[in-house]
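Results of the structural survey
Each chain, written out:
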Number of protein chains: 2
Amino acid sequence: MPLMKSWLDSANLPDCPFPLNNLPLGVFSVGDEEPRCGIAIGDHILDAASAEAAGLIDLDGGPYLDVPFWNDVMEAGAAVWAELRAQVTDLLKAGSDLRGEVEALLVPIADAQMHMPFLVAEYTDFYAGKNHAVNVGTMFRGAENALPPNWLHIPIGYNGRASSVVVSGTPVRRPWGQLKSPDHDVPAFLPSRRFDLELEMGAIVGTASEGPVTVDEADAMIFGYVLLNDWSARDIQAWEYQPLGPFQAKATATSISPWIVMAAALEPFRVMTPAREKDLLPHLRDTGPMLFDIDLSVELRPAGGTSSTIARTNYREMYFSAAQQLAHHTTSGCPMTPGDLLGSGTISGPTKDSRGSMLELSWGGKEPITLVGGESRSFLEDGDSLTLRGAAKGDGYTIGFGDCEGTILPALADPYERN
Amino acid sequence: MPLMKSWLDSANLPDCPFPLNNLPLGVFSVGDEEPRCGIAIGDHILDAASAEAAGLIDLDGGPYLDVPFWNDVMEAGAAVWAELRAQVTDLLKAGSDLRGEVEALLVPIADAQMHMPFLVAEYTDFYAGKNHAVNVGTMFRGAENALPPNWLHIPIGYNGRASSVVVSGTPVRRPWGQLKSPDHDVPAFLPSRRFDLELEMGAIVGTASEGPVTVDEADAMIFGYVLLNDWSARDIQAWEYQPLGPFQAKATATSISPWIVMAAALEPFRVMTPAREKDLLPHLRDTGPMLFDIDLSVELRPAGGTSSTIARTNYREMYFSAAQQLAHHTTSGCPMTPGDLLGSGTISGPTKDSRGSMLELSWGGKEPITLVGGESRSFLEDGDSLTLRGAAKGDGYTIGFGDCEGTILPALADPYERN
C-alpha cells in the first residue's frame, strides 16, 4: 500500500511518523484545558473529541469521545474501529470537502501535552523474545540451561501492575527495595543499584473474552500497539523473583508511547514468527503472519549530555506474537478486558548492539558500554533519559509511535519521610 | 467489647454472623431488581442504597451508594468509614427512634442474590503462611530447602488477575492448560487433573498511595477483609511457574465471600504475628498486633453427597500480616488503588487437619483423604462444592463473613468450539 495523501502537507513527507496511513490515537491537552481524545496527522493533532461533538465523526453507538481515553471505542468492537478510520480518512485526505471545518480542529503537536491514551485494565508482561531469554538465561544459569524447559512451548508471562503504567515523558524515580548481594548474609533496604530499561512492544486488547480463544480470534481482539519500556530493578529482582516471579522489581513504572497505533495501520507490515524449533501444540500454532516489521531503537542521553543510540532491533525478533501470547493468556478461561496491556518481553536481536536492556548490553555489568560523550554505563544513572523509537517503513511513508521517553530521578533520600 | 444489641432479634443471637458489631458490606439484588449496596444485620440486609436515598444515611461528601459497589466509600477515606458505621449503628441499635422507617428497608438474606461487593482494581496474591510454604517447599524441594532464602525477609507475592475474581456462589469451570508429566518428553493440552483450592483471607485496600508506606500507614489503608479461595491448577502451575511465577494456573477464578467485614469490626480480634525467626528490616517490622484471630474452615461436599470439614485453621497462623504485605507492595513506589485485593497466601496450621489446600492435605496426591461419605480425594473432582467459612468469636457474639462457596463444573469438551 502506498502513501495515502492528505491535504496537510506535513503528513505526506516520507519520514513523517503520522501520515494518513497511520492515524494513531492519543489523549492530549493544551495549556490548562482538560485532556481529550486526539488523532495525530502530520505535525498536528486532530481534536477528535471536538470533531465528534461537531458531527464530523459520527460512530455507530456513539458518542465515544466525550471521555479522555479510548477504551469506549475499543469496547465498541472492530466495526467501529474500521468506521473511525474510514471517517477520519475522509476528513483528512487530499481533496476532502471538509478541509475548512477540519482545519479549525487541528492543534500543533508542539503545543500539546500528552496523557495516557487509555485506562490500563490489567497489565501482563511476557518473556517471549528468544535472544533476550537466551542472554539472560546464559548469564544466570549458564549456556546449557539458558532456556527454561517450557520456553519453546508457551509464551511465558507474568501479571504486572497496571497502576504503574505511565505515559512517555513521565519521570521515573529510582526505587528502593530489598536486595542481597551474594557476599552478604542478610538483605538490606537500599536504592536500586542496577536499574534498567526493557525495550518492548505493548499490545492492547480491544474486545473482551470469557473463555479460551484461538490465535486467530486473539489477533482480531488486538486493538493496537504501543512502544513499552518495562523499567526493571535487577538487584531487587534477583533477590525476590524465586519462586513466584518478578514483583517489586517491575512495579516502579512501565512507560508507553503516547500514541496507540491501531492494528489496521500495521497490516502491511505483517511478518511470520521465526521458524519453530519445537512444534507448538495446535492451539498455539501460527496461522499466518502476526508479528510486524517494526524497526526499534533505544537512545540514552545522560543529564546535559549527548544522545547515544545504544540498541537497534526489530519487533520481528519475537519468538511468539502478541496473538499467541493472548491466546495462551486465555487457555485457563481467564477473562480478558478492553484495555488489557500485554508487554511482548524484551526484544533483543542476535548481535551485541541489538540488545534491548542494559543487563544484556553490559553483560550483567561486566562489560560496560561506552556512550558517545565518553561516559560508560553498566546500568542506568540518575539523570539518564531513555527514549524508545519505533518505525514501520512503507512505500514512501513511515508508521511511527511517537517517542517513549523517561528520565531517571534520584531515589528519595528517605522513602518514609512525609511532608 | 460485648455484643451491641439491635432491635432486630436475630442479630442478637451469639452465633449470628451479622450482629450490630459487624455491619459487613455487600451488594445484593432481589428478583429482577438491579443490584444495590446493602449491609447485613441478623438474618436481614439493610437496603443501604435506599437508606441513603431516604436520608437515613447521610455521609460527608456523599451520595456514595447510588452505584452497585463500595469503592466510592473506600475512596472517601477513614472518616467516612467511621461515619458510616456510626450512622448505621444508630439506625439498628436497640431503642432506635428510626426503627419504623428502617424496618421497611430490610430484606431477608434468604430472598437475596449476592453480587461482587466491590470492583477489584488489581489483585495480588501472597505466599506468607509459613506452614503452607514449608509443606509445599518440602514436597517440591525437600525439607532442607523448603523455605526459599528470601521467605523470612519479605512477604513473597505475585500479581494475580483481577478479572477472574468472582463472588461466592459462582461455579468454577475446570480449566484446560498446558501440562507435562515428568515421564513425558513433550507437554500436552488437557483439562487440569490436579485442580485445587487455597484457603486464604483477602485484604481490601481502601485508600490510595503513591510512594512507599510504613506498616502503620498500610494498616490504616486497609478497608476490610473477605474470605478468599484462590483456585489453583497444580499441574498447569508445575509446568509454567519457573522462572516467572504462577500465571494461567491461577487465572481461572478466585472466589471471595460476599460480605466485606470492615477492619473496624475486627479491632477486638487483633493478634500479633508469630515470633520472628529472623529479624525483619526496619520498614517491615511489626509495630503492633495486625493479624486477627479468625477461625477458618473448609468444607467439601461431593455432588449429591455429604459435607466433610477437611480443614480447620486460623488467620493468626500467617507469618506476615496484610499490613506488612501492603507495606512491602509499595516499597518500589508501586501506586496502590482503592479496590486492590491482597490474598494472604494459603493459611495452613501446624497439624495435618489444618492444611488449607488439597496439595497439602493429600501430600501431593500421595495420601488421599477420606470424606465422610467414604469417598477419597487427592484433588478436586467435578461436582465438588467447596465452602470456606470464617468466624471471629467475641464476648457473646460472632463476626462472620458469609460462606465463600464454589462448585466445580466439568471442563469444556472442546475449549475452542463456538456456538
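Predicted model, so just to flag it, every value in this text is computed and none were measured.

**A look at the relation of the copies chain B and chain A**
- Expressed as a screw operation, the relation of chain B to chain A combines 0.0 Å of axial shift with a rotation of 180 degrees, fitting to an RMSD of 0.0 Å. Both copies are brought into coincidence by an operation consistent with a two-fold rotation axis. When C-alpha positions in chain B are compared against the rotation axis, the closest is assigned to B:Gly245, at 2.1 Å.
- Of the residues that chain B buries at the interface, 100% are likewise interface residues in chain A, meaning the two copies contact each other through the same surface.

**Observations concerning the interface of chain B and chain A**
- Listed as interface residues are 58 residues of chain B and, on the opposing side, 58 residues of chain A.
- Summed over both sides, the interface between chain B and chain A buries roughly 5,400 Å², with carbon and sulfur atoms accounting for 58% of that surface.
- When residues of chain B are sorted by the area they lose upon contact with chain A, B:Arg161, B:Leu244 and B:Phe247 head the list and together hold 15% of the total.
- Where chain B meets chain A, there are four salt bridges.
- For A:Asp340, the salt bridge identified is with B:Arg161, shortest N-O distance 2.4 Å.
- Counting across the interface, chain B meets chain A through 28 residue pairs in polar contact (both at pLDDT 80 or more).
- Put simply, the parts of the chain that give the side of chain B that touches chain A at least two residues each are β6 (123-126), β7 (157-159), β10 (176-179), β11 (188-191), α7 (234-240) and α9 (322-329) of chain B.
- When residues of the side of chain B that touches chain A are assigned to their parent elements, the largest contribution, three residues, is made by β7(B).
- Here the side of chain B that touches chain A is composed, by residue class, of 30 nonpolar, 21 polar and seven charged.

**Topic: the sheet that holds strand β2 (residues 36-41) of chain B**
Residues and elements named next belong to chain B.
- Sheet architecture is open: five strands sit in the order β4-β3-β2-β1-β5, paired in antiparallel fashion. Looking at strand neighbours, the two that pair on one side only are β4 (106-108) and β5 (113-115), the edges of this open sheet. Between one strand axis and the next, the sheet turns by 50 degrees as a mean value, whatever way the strands run.
- Of the strand pairs in this sheet, strand β1 (residues 25-29) and β5 are connected by three bridges, and their pairing is antiparallel. By the bridge assignment for β5, Phe28 is matched with Met114.

**Regarding the nonpolar core**
- With 80 residues, the main nonpolar core has A:Tyr225, A:Leu266 and A:Tyr315 as its most contacted residues.
- Contact partners of A:Tyr315, with chain neighbours within four places excluded, come to A:Met201, A:Tyr225, A:Leu291, A:Phe292, A:Ile294, A:Leu296, A:Ala322, A:Ser344 and A:Ile347.
- With 79 residues, the next largest nonpolar core counts B:Phe126, B:Ile156, B:Leu197 and B:Leu227 among its residues.

**A word on the packing of aromatic side chains**
All names here are of chain A.
- Scanning all chains against the criterion turns up 26 aromatic pairs over all chains.
- Considering the side-chain rings of Trp151 and Tyr319, the 5.4 Å spacing of their centres and the 50 degrees angle between planes classify their relative orientation as tilted. Residue Trp151 is located in the loop between α5 (130-141) and β7 (157-159), and its partner Tyr319 is located in the loop between β21 (308-314) and α9 (322-329); the two are separated by 168 residues in the primary sequence.
- Here the aromatic residues Trp151, Tyr319 and Phe320 are joined through ring pairs into a cluster of three or more.
- One residue, Arg276, lies across the ring of Tyr319, its end atom 3.9 Å from the ring centre.
- Directly above the aromatic system of Phe320 lies the positively charged group of Arg276, at a separation of 5.6 Å from the ring centroid.

**What about the domain arrangement of chain A?**
All names here are of chain A.
- Split into domains, chain A comes out as domain 1 (9-115) and domain 2 (123-409).
- In this structure, domain 1 and domain 2 have C-alpha centres spaced 28 Å apart.
- Listed as interface residues are 26 residues of domain 1 and, on the opposing side, 26 residues of domain 2.
- Interface area for domain 1 against domain 2, summed over the two sides, is near 2,000 Å², with a carbon-plus-sulfur share of 70%.
- Area buried by domain 1 at its contact with domain 2 is led by Leu25, Met74 and Trp81, which between them contribute 30% of it.
- Taken together, the links from domain 1 to domain 2 amount to one salt bridge.
- With a shortest N-O distance of 3.2 Å, Asp15 and Lys393 are connected by a salt bridge.
- Applying the counting criterion to the domain 1 and domain 2 interface returns five residue pairs in polar contact (both at pLDDT 80 or more).
- At the level of elements, β1 (25-29), β2 (36-41), α2 (71-76), α3 (78-92) and β5 (113-115) are the ones that each hand at least two residues to the side of domain 1 that touches domain 2.

**Details of α5(A)**
All names here are of chain A.
- Along its 12 residues, α5 runs 15 Å from first to last C-alpha, staying within 8% of the 16 Å computed at 1.5 Å per residue.
- Listed in full, the buried residues belonging to α5 are His132, Ala133, Asn135, Val136 and Gly137.
- The inward-facing, buried residues of α5 abut α10 (358-361).
- Remark: Gly142 follows α5 within two positions and exhibits a positive phi of approximately 90 degrees.

**Focus on the sheet that holds β1(A)**
All names here are of chain A.
- Spatially, five strands are ordered β4-β3-β2-β1-β5 in an open sheet, and the strand pairing comes out antiparallel. Edge strands, defined here as strands with exactly one partner in the open sheet, are β4 (106-108) and β5. Taking the axes of each pair of neighbouring strands and ignoring which way they run, one obtains an average angle of 50 degrees across the sheet.
- Judged from the four bridges that link them, β1 and β2 form a sheet pairing that is antiparallel. If you follow Val27 over to β2, its bridge partner there is Cys37.

**Describing the pairing of strand β27 (residues 404-409) of chain A**
All names here are of chain A.
- Bridge count for strand β9 (residues 172-173) against β27 is two bridges, and the pairing is parallel. Paired with Val172 across the bridge in β27 is Ile408.
- In this structure, strand β25 (residues 385-393) lies alongside β27, joined through four bridges in antiparallel fashion. Within β27, the residue paired with Ser385 across the bridge is Thr407.

**Here we look at the pattern of salt bridges**
- Within this structure, the stated rule accounts for 44 salt bridges over all chains.
- Salt-bridge contacts for A:Arg36 lead to A:Asp47; the nearest nitrogen and oxygen are separated by 2.7 Å. Here A:Arg36 is found in strand β2, whereas its partner A:Asp47 is found in strand β3 (residues 44-47), with 11 residues between them in sequence.
- Since its relative accessible area comes to 17%, A:Arg36 is described here as buried.
- Across the pair B:Glu103 and B:Arg99 runs a salt bridge whose closest N-O atoms are separated by 3.4 Å.

**Structural notes on the environment of B:Arg193**
All names here are of chain B.
- Mapped onto the elements, Arg193 comes out in the loop between β11 and β12 (195-196).
- Overall, the relative accessible area of 58% leaves Arg193 in the exposed class.
- Separated by 170 residues in sequence, Arg193 and Leu23 place their C-alpha atoms 40 Å apart.
- Setting aside its immediate chain neighbours within four residues, Arg193 contacts Arg174, Asp235 and Phe379.

About the criteria used
Residues numbered from 1 in each chain as written. Chains lettered and ligands numbered in written order. Predicted model: local features only at pLDDT ≥ 70, side-chain atom pairs only at ≥ 80, totals over all residues. Heavy atoms only, no water. Least-squares fit on C-alpha atoms with pLDDT ≥ 70 in both. Contact = heavy atoms within 4.5 Å. Buried area = accessible area lost by both parts, 1.4 Å probe. Salt bridge = Lys/Arg side-chain N within 4 Å of Asp/Glu carboxyl O. Polar contact = N/O pair within 3.5 Å; in protein donor to acceptor, adjacent residues only side chain to side chain. Helix = DSSP H or I, 4+ residues; strand = E, 2+ residues; numbered from the N terminus. Nonpolar A, V, L, I, M, F, W, Y, C, P; charged D, E, K, R; others polar. Pairing = 2+ DSSP bridges. Axes fitted to C-alpha atoms, helices over the stretch in contact; angles between N-to-C directions. Core = buried A, V, L, I, M, F, W, Y, C linked by side-chain atoms within 4.5 Å. Buried < 20%, exposed > 50% of the residue type's maximum accessible area, 1.4 Å probe, protein only. Phe/Tyr/Trp six-rings, centres within 6.5 Å; stacked < 30°, edge-to-face > 60°. Lys NZ or Arg CZ within 6 Å of the ring centre and 35° of its normal. Domains from an automatic or database assignment. Expected span 1.5 Å × (residues − 1).

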